[in-house]
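# Summary of the model geometry
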Amino acid sequence: MKGFMKEFKAFISRGNVMDMAVGIIIGSAFTAIVTAMVNNIIMPLISVITGGISFDQWNITMGAGKDAPVLGLGTFIAAVVNFLLIALVLFMVIKGINKMHEGADKLAGRTKEEEKPTTKICPYCKSEIPIEATRCPHCTSHLETEDA
């Protein structure tokens, strides 16, 4: 049991676990903000556009009687709008962070390393061939090596 607790403590104190925990807490707080915005600002505006019908009233009753199942379409639509807004804001935040990192890299003089080419053009038939080729597979010409 002592070994299990020591291993659990090492797992919990790792940096990535703590970062994930902070992200989940901030994410849940952000979700509450977006949910409040959807329920208290966006949905009432949509309700005005639709003639005063609240999304909460958009239900389909499946059968007769007070015990008939009800499909809550309005609640579902509100959840979809909520999700789309959260996804949009997260996209914008991540895009901004990436742009900020690119700017910092430019200021520091760091650039992405260019990849070495993997192909070259045959000087005889102008076909694209592997860079290591010594003979063109298309025209069968012998190619001069660069180190010769």
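Refer to the structure printed above.
Residues numbered from 1 in each chain as written. Predicted model: local features only at pLDDT ≥ 70, side-chain atom pairs only at ≥ 80, totals over all residues. Heavy atoms only, no water.

## Comments concerning the side chain of Ser 141
With respect to the helices and strands, the residue Ser 141 is situated in the segment after strand E4 (128-130). Looking at Ser 141, the relative accessible area reads 19%, which means it is buried. Setting aside anything within four residues of it in sequence, one finds Ser 141 in contact with Tyr 124, Thr 134, Arg 135 and Cys 136. (Helix = DSSP H or I, 4+ residues; strand = E, 2+ residues; numbered from the N terminus. Buried < 20%, exposed > 50% of the residue type's maximum accessible area, 1.4 Å probe, protein only. Contact = heavy atoms within 4.5 Å.)

## Description of the nonpolar core
Ranked by size, the top nonpolar core spans seven residues in total: Val 34, Val 38, Met 43, Phe 55, Ala 78, Leu 85 and Ile 86. When residues of this core are traced back to their parent elements, those giving at least two are helix H2 (15-49) and helix H3 (73-108). Look past the residues within four positions of Val 38 in its chain and what remains in contact with it is Met 43, Pro 44, Ala 78, Val 81, Asn 82 and Leu 85. Ranked by size, the runner-up nonpolar core spans five residues in total, among them Ile 129, Ala 133, Cys 136 and Leu 143. (Core = buried A, V, L, I, M, F, W, Y, C linked by side-chain atoms within 4.5 Å.)

## Looking at a nonpolar patch on the surface
Among the surface-exposed residues, Met 1, Phe 4, Met 5, Phe 8, Phe 11, Ile 12 and Met 18 lie close enough to one another that they form a single nonpolar patch of about 760 Å² accessible area. If one sorts the elements of the nonpolar patch by residue count, helix H1 (residues 2-12) sits on top with five residues. Following the sequence through the fold, Met 18 ends up in helix H2. Here Met 18 falls in the partly exposed class, since its relative accessible area comes to 44%. (Patch = residues over 30% accessible without salt bridge, like charges linked within 9 Å, V, L, I, M, F, W, Y side chains within 5 Å. Areas by Shrake-Rupley, 256 points an atom, 1.4 Å probe, with all protein chains shown as cover. Salt bridge = Lys/Arg side-chain N within 4 Å of Asp/Glu carboxyl O.)

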